[in-house]
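# Examining the three-dimensional arrangement
The chain contents come next:
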Amino acid sequence: EASATTISVPSAVEIIKLHVEVGEEVKDGDTLIELSRPDLALRINEVKRELDALEGRGNVSMASVDQKVAEIQADLDTRRNTLRFEIQKMETEYKQNLAIAKRLKSLSGEGPSSENDAMASRIQSMKKELSVLEANAATQSRLLRGSKGKQAQSNASEAKILHDELARLEQEMKEQTILAKGEWVVATVLARDGEKVSSFNPIMTLTRKEPSQVRGYLHENLHNKIQVGAEVEVTSLGQHAKVRGKIIGMSSQIVPFPLRLLKSPDLPLYGREVNVAIPENSGFLLGEKVSISELPDWKNLLNSQEK
């Protein structure tokens, strides 16, 4: 027997073109099947549109934040210039009043007027108003820039999710063209061009050109003599070629030997079925009859010869 593989896909597809026929030998990289998934192409277009829309919304949002920050700065500049002008004007008037009051005091001996005190308080109040105005504008601008950063981070996260999905979808699109991995022989073709195939339904089976396993039978009288993992010698009865193999499986029940392996059809034999792995370059033919035997115990053989 030769190792085989079945080609199927996890989603429903349409067969666009089968590039091989039963019995054809294929090499690594040969195109086997072209498939089509309309839902895949539709989703790829949707994801691309979502990415374009996300980029557009992000640009508009960033521009809107920048515009609001600029408006706050412009309003601050206008109000700050007005306040600074008023403060400067009042400070000039205040200094003039102080000079006048100083001269009057020297003449009449009176103290500072309450009018000057009120003007000084007004100047201090306007300076505090200017400080509060600048602080509020700075806070608003900082909050807006912070929201801009959060929005940019959110957009970047959403864009990454969409880009990852797009990369996965485009990889799936590439996989709609199925290529051979290694050298095989087309064993069966289970679909035809234009046919729709359900998910995981087999489309094609491939087998190796040469056998990689031998299915044999161990006589029931010897079933405890050979174990899984033992190395054996496999001989082609027709070609007299020999290869070394390894038992990789053994059934848990006694079964009748196939009729082809019986020396006499009237004398049935019973035993355990065994699977032996052999090199794929053995030169054996698929389905040919072989014999399986134990490898010689060279150590015991040499000891017996010395005796």
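Look above for the structure.
First things first, this report covers the structure right here in the doc. (Residues numbered from 1 in each chain as written. Predicted model: local features only at pLDDT ≥ 70, side-chain atom pairs only at ≥ 80, totals over all residues. Heavy atoms only, no water.)

Below, the discussion takes up the overall build of the protein. Across its full length, the protein holds 3 helices and 14 strands. For the protein, the C-alpha radius of gyration of 46 Å lies well beyond 19 Å, the compact-globule estimate for 307 residues. Along the longest, intermediate and shortest principal axes, the C-alpha atoms of the protein span 155 × 60 × 30 Å. Within the protein, buried positions represent 28% of all 307 residues. Here the protein displays about 20400 Å² of accessible surface, and carbon together with sulfur accounts for 52% of that area. Put simply, the protein has 42 plus and 45 minus side-chain charges, and the middle of one group is 7 Å from the middle of the other. (Helix = DSSP H or I, 4+ residues; strand = E, 2+ residues; numbered from the N terminus. Rg over C-alpha atoms; globule rule 2.2 N^0.38 Å. Buried < 20%, exposed > 50% of the residue type's maximum accessible area, 1.4 Å probe, protein only. Areas by Shrake-Rupley, 256 points an atom, 1.4 Å probe, with all protein chains shown as cover. Lys, Arg positive; Asp, Glu negative; His and termini not counted. Charge placed at Lys NZ, Arg CZ, Asp CG, Glu CD.)

Backbone hydrogen bonds are what pair the strands of a sheet, in a parallel or an antiparallel way. Read from one edge of the open sheet, 4 strands run β5-β4-β2-β7, paired in antiparallel fashion. Strands with a single pairing partner mark the edges of an open sheet, and in this sheet they are β5 (177–179) and β7 (196–197). As judged from the 3 bridges shared by strand β4 (residues 31–36) and β5, these two strands associate in the antiparallel manner. What sits directly across from Thr31, in β5, is Leu179. (Pairing = 2+ DSSP bridges.)

A separate point is the sheet that holds strand β3 (residues 25–26). With antiparallel pairing, the 4 strands of this open sheet are ordered in space as β1-β8-β6-β3. The open sheet has two free edges, formed respectively by β1 (4–7) and β3, since each of these has just one partner strand. Taken together, the 2 bridges between β3 and strand β6 (residues 184–189) define a ladder with antiparallel strand orientation. Looking at β6, one finds that Glu25 is bridged to Val185.

Glancing now at the side chain of Thr235. Residue placement: Thr235 occurs in strand β10 (residues 231–236). Contacts of Thr235, omitting those with residues within four sequence positions, involve Ala241, Lys242, Phe284, Val290 and Ser291. (Contact = heavy atoms within 4.5 Å.)

Here Ile123 shows up in helix α2 (residues 114–174). Classification of Ile123 by relative accessible area gives buried; the value is 5%. Along the chain, Ile123 and Leu104 lie 19 residues apart, while their C-alpha atoms are 23 Å from each other. Filtering out sequence-adjacent residues up to four positions away, Ile123 remains in contact with Ile87, Met90, Glu91 and Tyr94.

This next bit is on the environment of Gly238. Relative to the helices and strands, Gly238 resides in the loop between β10 and β11 (242–250). On the basis of relative accessible area, Gly238 is assigned to the exposed category, the value being 61%. Spatially, the C-alpha atom of Gly238 lies 120 Å from that of Lys89, the residues being 149 residues apart in sequence.

The next point concerns the environment of Gly149. Looking at the element boundaries, Gly149 is found in helix α2. Spatially, the C-alpha atoms of Gly149 and Asn136 are 20 Å apart, while their sequence positions differ by 13 residues.

So, about the pairing of strand β2 (residues 13–18). The pairing of β2 with β7 spans 2 bridges and is classified as antiparallel. Across the sheet, Val13 pairs through a bridge with Val197, a residue of β7. The sheet contact formed by β2 and β4 spans 4 bridges and is antiparallel. Considered in β4, the bridge of Ile15 is made with Leu35.

Another aspect to go through is the nonpolar core. Residues Ile15, Leu32, Ile33, Leu35, Ile203 and Met204 are the most contacted members of the largest nonpolar core, which totals 19 residues. Contributions of two or more residues to this core are made by β2, β4, β6 and β8 (204–207). The contact partners of Ile15, leaving out residues within four places of it in the chain, are Ile33, Glu34, Leu35, Ala191, Arg192, Asp193, Gly194, Glu195, Val197 and Ile203. Ranked by size, the runner-up nonpolar core spans 14 residues in total, among them Ile87, Met126, Leu130 and Leu144. (Core = buried A, V, L, I, M, F, W, Y, C linked by side-chain atoms within 4.5 Å.)

On to the side chain of Ser141. With respect to the helices and strands, Ser141 occurs in helix α2. On the basis of relative accessibility, which here comes to 6%, the residue Ser141 falls in the buried class. What Ser141 contacts, discounting residues up to four positions off in sequence, is Val69 and Ile72.

For the structure shown, the criterion picks out 1 aromatic pair. Arranged with centres 5.4 Å apart and planes meeting at 40°, the rings of Tyr217 and Phe257 form a pair that is tilted. You can see Tyr217 sitting in strand β9 (residues 213–219) and its partner Phe257 sitting in the loop between β12 (255–256) and β13 (270–277), a full 40 residues away along the chain. On the accessibility criterion, Tyr217 (18% relative accessible area) is buried. (Phe/Tyr/Trp six-rings, centres within 6.5 Å; stacked < 30°, edge-to-face > 60°.)

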